[in-house]
Amino acid sequence: MHEVIKQHQWRKSELIERGFAYYQRKKQLVLAARLPESVAPMEIHYPMETVIAESGDVICFDPGSETRPTLLDYDHWSVKMSIFLQTYRDWDESLNPTTSEAHLLECGCKPYYKSIGVWARRLQAPTWIQSLESPQPMLIPEGMWLAVGPEGEPWHIEDEKFRQRYIIES
């Protein structure tokens with residue numbers, strides 16, 4: 001059996017030893033709302049996996065540049081409430097909402113930004129991980145980013161999205 005990377009309290013030295021580096025988050029508007037009990041649990045389907053968002057989790061939305069017919073047509077992801085409270089802050093700049101941002105606000109979302117960075121490394125080989133929201137381990141392909149959140153939780157992100165959201169120094 002291959003090693004499955006799971007949630008645990010990583011030491012900084014352990015992360016560095018395993019090839020991780022710390023990447024600061026770019027300040028970007030995220031619109032978010034708690035998942036109501038009436039629609040939980042909610043499956044979120046991604047190209048590589050399906051994750052389960054539970055009641056009380058926070059659903060974050062990237063407003064993008066175009067208004068979508070429904071909330072779930074926007075790029076979205078779930079965050080456990082305890083992690084959201086550690087990593088996101090109220091949007092602290094003036095907001096002149098675009099039509100897509102206004103749509104999300106009208107649907108009950110509030111403006112936030114992710115205030116901390118992440119420990120991550122680009123995968124050089126396929127790697128098994130067990131994320132908090134995924135019911136079973138999954139094999140993440142080479143080229144994706146493996147990230148470790150503030151509670152030691154592993155997650156993955158595509159290279160293009162990682163580069164859009166995090167500062168990568170040359």
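### Some points on the pairing of strand 6 (residues 58-62)
Part 1 of the argument: Counted residue by residue, strand 6 has four buried out of five residues, so it is predominantly covered.
Part 2 of the argument: In the sheet, strand 6 pairs with strand 7 (residues 75-79) via five bridges, with the strands oriented antiparallel. Note on strand 7: the bridge partner recorded for Cys-60 is Trp-77.

### Brief notes about the packing of aromatic side chains
Part 1 of the argument: In the structure shown here, the tally under the stated rule is nine aromatic pairs.
Part 2 of the argument: Ring centres of Tyr-23 and Phe-162 lie 5.3 Å apart, and the angle between their planes is 85°; on these two criteria the pair is classed as edge-to-face. Here Phe-162 lies in helix 4 (residues 159-165) and Tyr-23 lies in strand 2 (residues 21-23), a separation of 139 residues in the sequence. The burial state of Tyr-23 is the same as that of Phe-162; both residues are buried.
Part 3 of the argument: Aromatic rings pair up to connect Tyr-23, Trp-145, Phe-162 and Tyr-166 into one cluster.
Part 4 of the argument: A cation over an aromatic ring shows up here: Arg-165 above the ring of Trp-77, its NZ or CZ 4.5 Å from the ring centre.

### Focus: the sheet that holds strand 9 (residues 110-114)
Part 1 of the argument: The antiparallel open sheet is built from five strands, whose spatial order is 7-6-3-9-8. A strand with exactly one partner marks an edge of an open sheet, and here the two such strands are strand 7 and strand 8 (88-90). Neighbour to neighbour, the strand axes of the sheet diverge by 40° on average, direction disregarded.
Part 2 of the argument: Of the strands in this sheet, strand 3 (30-34), strand 6 and strand 9 are in contact with helix 3 (residues 99-106), which crosses strand 3 at around 15°.

### Describing the layout of surface pockets
Part 1 of the argument: Taken as a whole, the largest pocket encloses approximately 860 Å³ of empty space.
Part 2 of the argument: Forming the boundary of the largest pocket are 44 residues, of which Trp-77, Ser-78, Trp-155, His-156 and Ile-157 lie nearest the centre.
Part 3 of the argument: At the level of elements, strand 4 (42-45), strand 7, helix 2 (81-87), strand 10 (118-122), strand 14 (154-157) and helix 4 are the ones that each hand at least two residues to the lining of the largest pocket.
Part 4 of the argument: The element contributing the most residues to the lining of the largest pocket is strand 7, with five residues.

### Structural notes on the nonpolar core
Part 1 of the argument: Of all hydrophobic cores here, the largest spans 14 residues; its most connected members are Met-42, Ile-44, Ala-53, Ile-59, Phe-61 and Leu-104.
Part 2 of the argument: Taken together, the elements giving at least two residues each to this core come down to strand 4, strand 5 (50-53) and strand 6.

### Thoughts on the side chain of His-156
Part 1 of the argument: With respect to the helices and strands, the residue His-156 is situated in strand 14.
Part 2 of the argument: For His-156, a relative accessible area of 18% puts it in the buried group.
Part 3 of the argument: Residue contacts for His-156: discarding those within four places in its chain leaves Glu-49, Ile-129, Met-138, Ile-140, Met-144 and Trp-145.

Parameters at a glance
- Residues numbered from 1 in each chain as written.
- Predicted model: local features only at pLDDT ≥ 70, side-chain atom pairs only at ≥ 80, totals over all residues.
- Heavy atoms only, no water.
- Buried < 20%, exposed > 50% of the residue type's maximum accessible area, 1.4 Å probe, protein only.
- Helix = DSSP H or I, 4+ residues; strand = E, 2+ residues; numbered from the N terminus.
- Pairing = 2+ DSSP bridges.
- Phe/Tyr/Trp six-rings, centres within 6.5 Å; stacked < 30°, edge-to-face > 60°.
- Lys NZ or Arg CZ within 6 Å of the ring centre and 35° of its normal.
- Axes fitted to C-alpha atoms, helices over the stretch in contact; angles between N-to-C directions.
- Contact = heavy atoms within 4.5 Å.
- 1 Å grid on protein atoms, 1.4 Å probe; cavity = no way out; pocket = protein on both sides within 12 Å on 5 of 7 lines; lining within 4 Å.
- Points joined across faces, edges and corners; volume = space filled by probe spheres on them.
- Core = buried A, V, L, I, M, F, W, Y, C linked by side-chain atoms within 4.5 Å.

Everything listed is a geometric property; what it means functionally is a separate question.
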